[in-house]
Amino acid sequence: MRLAPRLGVVALLAASLGACSTGPAPLAGSLREGDVAVTAVVETDAVAVTFTPDRPDLHLYAMELAVERTAGLGVATGVRVGGALSATGAATADRPVHDLRLAALEVAVPVYPEGPVTVRVPVRRGEGTASLWVSYAACSATECFAPVRDREVVLAPS
């Protein structure tokens, strides 16, 4: 009989500790432009930004794109954090990079495979408004859409 009251106290204590959690509120934001939907979520120690083209035949240029080596073609996929977020390391993508050869222009450009790609930037979160800025361009084998350069995404509690 004495065991039941003790279990009740343990359950009450566990519930109250969970309710007192003082971690920061989750943050998220989104943008749709240039035939790509962008969603951003602040995780524990990183911000994850997913770029999802509107069509399955579209790819994005890789973060590694160096326009001086591609005759000025393309816009590198990029994520820059600011405000209450400070980058603590380099951005990484969840998809492999391959060269797309453009024979007519005698150039190869680094791209991600067709479909969505998620870029993670390790961050430290401070107080105040969190924002990030994204750059990207979506293309198919035959057409490219207007590039998006340094577009702000404000991250708000989700």
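Below or above, wherever it landed, is the structure these notes cover. (Residues numbered from 1 in each chain as written. Predicted model: local features only at pLDDT ≥ 70, side-chain atom pairs only at ≥ 80, totals over all residues. Heavy atoms only, no water.)

This part takes up the overall build of the protein. Per the secondary structure count, the protein includes one helix and eleven strands. Going from N to C terminus, the protein has its helices and strands arranged as α-β-β-β-β-β-β-β-β-β-β-β. Looking at the protein residue by residue over its 158 residues, the buried ones come to 36%. Pairs at least 24 residues apart make up 67% of the contacts formed inside the protein by residues separated by at least 6 positions. Only carbon and sulfur atoms are counted for the fraction: they give 57% of the accessible area of the protein, which is about 9,200 Å². (Helix = DSSP H or I, 4+ residues; strand = E, 2+ residues; numbered from the N terminus. Buried < 20%, exposed > 50% of the residue type's maximum accessible area, 1.4 Å probe, protein only. Contact = heavy atoms within 4.5 Å. Areas by Shrake-Rupley, 256 points an atom, 1.4 Å probe, with all protein chains shown as cover.)

Attention shifts here to the packing of aromatic side chains. Taken as a whole and assessed by the stated rule, the structure comprises one aromatic pair. Ring geometry for Phe51 versus Tyr136: centroids 5.4 Å apart, planes at 65 degrees, classification edge-to-face. With Phe51 in strand β3 (residues 46–53) and Tyr136 in strand β9 (residues 117–136), this residue pair connects regions lying 85 residues apart in the sequence. For Tyr136, a relative accessible area of 0% translates into the label buried. (Phe/Tyr/Trp six-rings, centres within 6.5 Å; stacked < 30°, edge-to-face > 60°.)

Right, let's talk about the state of the cysteines for a bit. Summed over the entire model, instances satisfying the criterion amount to one disulfide. Across a sulfur-sulfur distance of 2.0 Å, Cys139 and Cys144 are joined as a disulfide pair. In this structure, the disulfide formed by Cys139 and Cys144 twists by about 115 degrees around the S-S bond and is classed as right-handed. By relative accessible area, Cys139 is classed as buried at 2%. (Disulfide = S-S within 2.5 Å.)

Turning next to the layout of surface pockets. It is the rolling of a water-molecule-sized probe over the atoms that shows where space remains empty. In this structure, the largest pocket spans a volume of roughly 220 Å³. A total of six residues in the lining of the largest pocket trace back to one element, the largest contributor, which is β9. Residue composition of the lining of the largest pocket, by class: six nonpolar, three polar and four charged. (1 Å grid on protein atoms, 1.4 Å probe; cavity = no way out; pocket = protein on both sides within 12 Å on 5 of 7 lines; lining within 4 Å. Points joined across faces, edges and corners; volume = space filled by probe spheres on them. Nonpolar A, V, L, I, M, F, W, Y, C, P; charged D, E, K, R; others polar.)

Now for the nonpolar core. Membership of the largest hydrophobic core comes to 30 residues, with the highest contact counts inside it found for Val47, Val49, Phe51, Leu132, Val134, Tyr136 and Leu155. Elements with a minimum of two residues in this core: β1 (27–33), β2 (36–42), β3, β5 (78–87), β9 and β11 (148–157). Considering each element in turn, this core owes the most residues, eight residues, to β9. When residues no more than four places from it in sequence are discounted, the contact partners of Val134 are Leu31, Val38, Val49, Phe51, Gly78, Val79, Val148, Arg149, Asp150, Arg151 and Val153. Grouped together as the second largest cluster of nonpolar side chains are seven residues, Tyr61, Val75, Val109 and Cys139 included. (Core = buried A, V, L, I, M, F, W, Y, C linked by side-chain atoms within 4.5 Å.)

Here we take up the pairing of β3. Where burial is concerned, most of β3 is hidden: six out of the eight residues are buried. In this sheet, β3 lies alongside β2 in antiparallel orientation, the contact comprising seven bridges. Bridged to Val38 within β3 is Phe51. The antiparallel pairing of β2 with β3 creates a hairpin that spans three residues between the two strands. Here β3 runs beside β9; their pairing, made up of six bridges, is antiparallel. If you follow Ala48 over to β9, its bridge partner there is Arg120. (Pairing = 2+ DSSP bridges.)

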